[in-house]
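# Per-entry structural report
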Amino acid sequence: QVHLVESGGGLVQPGGSLTLSCVVSGGIYSVWGMGWYRQVPGNARELVADLTSSGRRNYADFVNGRFSISGDNAKKAVYLQMNHLQPNDTGTYYCKADRVYDVRSSIRAYWGQGTQVTGSS
């Protein structure tokens, strides 16, 4: 069974930093493309940043140079370094693995359970 385990959320003062981590575990052969999304109650889930299988990094406009996404293929992990956090960055941050090739020979996307990020005001 495939799991995405996220960590690193928390409460942060304005201007502070957090690093989110996500590791894919379980019976898997390969992972292609991973990213971070966030959701605020009442709003749709939105892309924060993603890292494609070719190594391209994409960021939402609101990131504005404050966040950096990176990955570790060997660990099947993705990280999100978030700097200069503000209260409007508050939300539940979800990790997504775009395509996971698992031991049942299926290829599909998986989501993590989410980690809360709260920017205090």
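See the structure printed just above.
Structural notes, computed from the coordinates. Just so we're clear, the structure is a prediction, and the values are computed from it rather than from any experiment.

Now for the overall build of the protein chain. Along its length, the protein chain carries zero helices and eleven strands. Starting at the N terminus and walking to the C terminus, you meet the elements of the protein chain as β-β-β-β-β-β-β-β-β-β-β. Taken over C-alpha atoms, the radius of gyration comes to 14 Å for the protein chain, in line with the 14 Å a tight globule of 121 residues would show. Counting only C-alpha atoms and orienting by the principal axes, one finds that the protein chain spans roughly 45 × 25 × 25 Å. A burial count over the protein chain gives 40% of its 121 residues as buried. In the protein chain, the share of contacts with a sequence separation of at least 24, taken over all contacts with a separation of at least 6, comes to 55%. A total accessible area of about 6,400 Å² is found for the protein chain, and carbon and sulfur atoms account for 47% of it. For the protein chain, the centre of its 11 positive side-chain charges and the centre of its 8 negative side-chain charges are spaced 4 Å apart.

Sheet architecture is open: four strands sit in the order β1-β3-β8-β7, paired in antiparallel fashion. Looking at strand neighbours, the two that pair on one side only are β1 (3-7) and β7 (67-72), the edges of this open sheet. On average, adjacent strands in this sheet sit at an angle of 15° to one another, irrespective of strand direction. Taken together, the five bridges between β1 and strand β3 (residues 18-25) define a ladder with antiparallel strand orientation. Paired with H3 across the strands is S25, a residue of β3.

Turning our eyes to something else, we now look at the side chain of T92. Considering the arrangement of structural elements, one finds T92 in strand β9 (residues 91-102). Side-chain polar atoms of T92 contact the side chain of Q116, separated by 3.0 Å. The residues touching T92, leaving out its near neighbours within four places in the chain, are Y37, R38, Q39, G114, T115 and Q116.

A separate point is the environment of L51. Note on placement: L51 falls in strand β5 (residues 46-51). Along the primary structure L51 and G35 are separated by 16 residues, whereas in three dimensions their C-alpha atoms are 5.8 Å apart. If we skip the residues at most four places from it in the chain, L51 touches G33, M34, R56, R57, I69, S70 and G71.

Turning our eyes to something else, we now look at the nonpolar core. Ranked by size, the top nonpolar core spans 28 residues in total, and within it W36, L80 and M82 carry the most contacts. When residues of this core are traced back to their parent elements, those giving at least two are β3, β4 (28-39), β5, β7, β8 (77-82) and β9.

What follows is about the pairing of β7. Here β7 pairs with β8 via six bridges, running antiparallel. Following the sheet pairing, S70 is matched in β8 by Y79. Two successive antiparallel strands, β7 and β8, enclose a turn made up of four residues, where K76 displays a positive phi of approximately 55°.

Across all of its chains, the model carries one disulfide by this definition. Put simply, C22 and C95 are joined by a disulfide, and their sulfur atoms are 2.1 Å apart. Across the S-S bond linking C22 and C95, the dihedral sits near -80°, which makes this disulfide left-handed. Taken together, the positions of C22 in strand β3 and C95 in strand β9 put the pair 73 residues apart, joining distant regions of the chain. With respect to class, C22 is no different from C95; both count as buried.

Here D50 lies in strand β5. Salt bridges are absent for the buried D50, whose nearest opposite-charge side chain, R56, sits at 7.2 Å. A polar atom in the side chain of D50 sits 2.8 Å from the side chain of N58. In this structure, D50 is in contact with M34, G35, R56, R57, N58 and I69, ignoring residues within four places of it in sequence.

Criteria and cut-off values
- Residues numbered from 1 in each chain as written.
- Predicted model: local features only at pLDDT ≥ 70, side-chain atom pairs only at ≥ 80, totals over all residues.
- Heavy atoms only, no water.
- Helix = DSSP H or I, 4+ residues; strand = E, 2+ residues; numbered from the N terminus.
- Rg over C-alpha atoms; globule rule 2.2 N^0.38 Å.
- Buried < 20%, exposed > 50% of the residue type's maximum accessible area, 1.4 Å probe, protein only.
- Contact = heavy atoms within 4.5 Å.
- Areas by Shrake-Rupley, 256 points an atom, 1.4 Å probe, with all protein chains shown as cover.
- Lys, Arg positive; Asp, Glu negative; His and termini not counted.
- Charge placed at Lys NZ, Arg CZ, Asp CG, Glu CD.
- Pairing = 2+ DSSP bridges.
- Axes fitted to C-alpha atoms, helices over the stretch in contact; angles between N-to-C directions.
- Polar contact = N/O pair within 3.5 Å; in protein donor to acceptor, adjacent residues only side chain to side chain.
- Core = buried A, V, L, I, M, F, W, Y, C linked by side-chain atoms within 4.5 Å.
- Disulfide = S-S within 2.5 Å.
- Salt bridge = Lys/Arg side-chain N within 4 Å of Asp/Glu carboxyl O.

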